[in-house]
Amino acid sequence: MISISHKTKQFLVLIIKLLIVSGAFYFIYNQLANNDKLNWEEFMVLFKKNQSVAGISFILLLSVLNRFFEILKWQNLVSFIHKISKAEATKQVLAALTAGLFTPNGVGEYAGKALFYKKSEAKKILFLNLICNGIQMVLTVLFGIFGLLYFNANYNIITTKTVVILFGTLILTFGLLFSIKKLTIKGYSIEILIHKINEIPKAIHQKNIFLAICRYLVFSHQYYFLFLAFDIDLPYLVLMSGITSVYFLGSSLPTFQFLDFAVKGSVAVYFFGILGVNEWIVVFISTLMWFLNIVLPVIIGSYYVLNFKSSLDKNFVEDSEPRLRE
């Protein structure tokens with residue numbers, strides 16, 4: 001078996017850190033610089049017309065709250081294993097977000113968080129992250145379905161027959177899954193998963209659901225207020241039904257974090273096009289949401305990635321200290 005020295009490991013870790021950070025910044029620059037649908041001249045005209053320190057501060061505050069609720073969610077869930085501070089939770093969430101930027105559906109985020117813990121705890125951390133993201137997805141689906149039904153009731157995108165077929169298929173799928181919940185694949189089954197979820201105290205689950213709802217309300221209303229900032233005057237329920245539908249359908253598609261605004265933007269162009277909203281405004285708002293809620297946290301997360309010390313590094317330092325004293 002080939003043995004790698006600690007110095008070599010440190011060098012390889014440094015290379016990986018630099019690749020993650022440089023890759024993240026390259027993807028961000030590429031998406032902003034080469035998007036021909038972004039009309040910067042029209043944006044600047046509208047921005048100068050409606051610019052307000054209070055308005056800009058409010059939108060930025062919503063971005064901070066969006067990530068803050070995610071940080072609180074992670075701190076709450078990981079308390080099942082270890083108590084961690086908000087500062088430590090911030091480091092783990094933002095570093096993991098950066099690591100997951102150019103992986104399919106942000107799967108790199110799972111590995112990113114696991115690196116902060118001992119190898120023996122990796123499976124538990126991956127499971128807790130699944131719970132953390134899972135509740136957000138469940139809420140996106142629930143709000144999205146109601147939003148889609150309301151939107152469809154007003155604008156008849158699909159027929160009533162199609163709605164009934166979709167709901168029938170959904171109910172049938174859930175019924176089938178629970179009927180074979182004891183079926184085991186590679187040691188895992190729905191029954192085992194439910195048992196693992198029930199091992200986590202109810203108080204932690206309840207707080208997780210509450211924080212997830214707060215986070216959903218924050219980023220969906222940030223989208224809403226950006227539409228208002230761009231002089232889009234539509235009824236609240238109509239606009240919110242469009243927003244929840246976009247998040248539902250956009251999140252259902254497999255994608256990369258750095259392409260998130262492009263995927264959701266394409267879905268948004270269709271929905272808000274029905275409402276008569278100019279395409280470039282929809283694209284700009286989708287891009288701003290991506291910039292405020294992904295790009296800015298990734299920039300901060302890059303600092304944590306570059307300063308990251310794995311559990312292996314920590315153990316090496318701890319083992320070295322007694323020898324140095326001797």
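Residues numbered from 1 in each chain as written. Predicted model: local features only at pLDDT ≥ 70, side-chain atom pairs only at ≥ 80, totals over all residues. Heavy atoms only, no water.

1. What to know about the overall build of the protein chain
A tally of helices and strands in the protein chain yields 13 helices and 0 strands. Ordered by position in the sequence, the α and β elements of the protein chain form the string α-α-α-α-α-α-α-α-α-α-α-α-α. Out of the 326 residues in the protein chain, the part that is buried amounts to 43%. Taking the contacts inside the protein chain whose residues are at least 6 apart along the sequence as the reference set, 75% of them involve residues at least 24 apart. Surface exposure of the protein chain reaches about 18,700 Å², of which carbon and sulfur atoms provide 69%. (Helix = DSSP H or I, 4+ residues; strand = E, 2+ residues; numbered from the N terminus. Buried < 20%, exposed > 50% of the residue type's maximum accessible area, 1.4 Å probe, protein only. Contact = heavy atoms within 4.5 Å. Areas by Shrake-Rupley, 256 points an atom, 1.4 Å probe, with all protein chains shown as cover.)

2. Some remarks on the environment of Asn 133
Of note, Asn 133 is situated in helix 6 (residues 122–155). Between the alpha carbons of Asn 133 and Ala 212 there is a distance of 9.1 Å; along the sequence they are 79 residues apart. Beyond its immediate sequence surroundings of up to four residues, Asn 133 is in contact with Glu 70, Glu 109 and Tyr 110. Polar contacts involving the side chain of Asn 133 include one to the side chain of Tyr 110, which spans 3.3 Å. (Polar contact = N/O pair within 3.5 Å; in protein donor to acceptor, adjacent residues only side chain to side chain.)

3. Some remarks on the UniProt feature "transmembrane region" (unreviewed entry) in the protein chain
Those places that UniProt annotates as "transmembrane region" (unreviewed entry) correspond, in this numbering, to residues 12–32, 52–69, 126–151, 163–180, 261–282 and 288–306. Taken end to end, residues 126–151 has its terminal C-alpha atoms 36 Å apart, with 100% of it in helix and 0% in strand. Helix makes up 100% of residues 288–306 and strand 0%. Its end C-alpha atoms lie 26 Å apart. (UniProt positions renumbered as here; feature names shortened; annotations may be inferred.)

4. Considering a nonpolar patch on the surface
Together, Phe 146, Leu 149, Phe 167, Leu 170 and Ile 171 give the surface a local cluster of nonpolar side chains, amounting to about 480 Å² of exposed area. Counting residues per element, the ones that place at least two in the nonpolar patch are helix 6 and helix 7 (160–179). Sort the elements by how many residues they give to the nonpolar patch and helix 7 lands first, with 3 residues. Counting through the fold element by element, Phe 146 comes out in helix 6. Judged by its relative accessible area of 60%, Phe 146 is exposed. (Patch = residues over 30% accessible without salt bridge, like charges linked within 9 Å, V, L, I, M, F, W, Y side chains within 5 Å. Salt bridge = Lys/Arg side-chain N within 4 Å of Asp/Glu carboxyl O.)

5. What about the packing of aromatic side chains?
This structure, assessed with the given rule, holds 17 aromatic pairs. Measuring from ring centre to ring centre gives 6.4 Å for Phe 68 and Phe 69, while their planes differ by 50°; the resulting arrangement is tilted. For Phe 69, a relative accessible area of 15% puts it in the buried group. Clustering of aromatic rings is evident, with ring pairs tying together Phe 143, Tyr 216, Phe 219, Tyr 223, Phe 227, Tyr 247 and Phe 272. (Phe/Tyr/Trp six-rings, centres within 6.5 Å; stacked < 30°, edge-to-face > 60°.)

6. Quick look at the side chain of Thr 244
On the secondary structure map, Thr 244 appears in helix 10 (residues 236–252). When its relative accessible area of 7% is taken as the criterion, Thr 244 is described as buried. Polar contacts involving the side chain of Thr 244 include one to the main-chain carbonyl oxygen of Ser 241, which spans 3.0 Å. Residues in contact with Thr 244, not counting those within four places in the same chain, are Phe 143, Gly 144, Gly 147 and Tyr 216.

7. Considering the pattern of salt bridges
By the definition in use, this model includes 4 salt bridges. A salt bridge links Lys 91 to Glu 88; the nearest nitrogen and oxygen atoms lie 3.2 Å apart. A residue pair is termed a helical-turn pair when its members lie 3 or 4 positions apart in one helix, as Lys 91 and Glu 88 do in helix 4 (residues 86–99) at 3 residues. A residue is classified by how much of its surface remains accessible, and Lys 91, at 28% relative accessible area, is partly exposed. Judged by its relative accessible area of 22%, Glu 88 falls in the partly exposed class. Beyond isolated ion pairs, a larger network of salt bridges with shared partners links Glu 70, Lys 73 and Arg 215.

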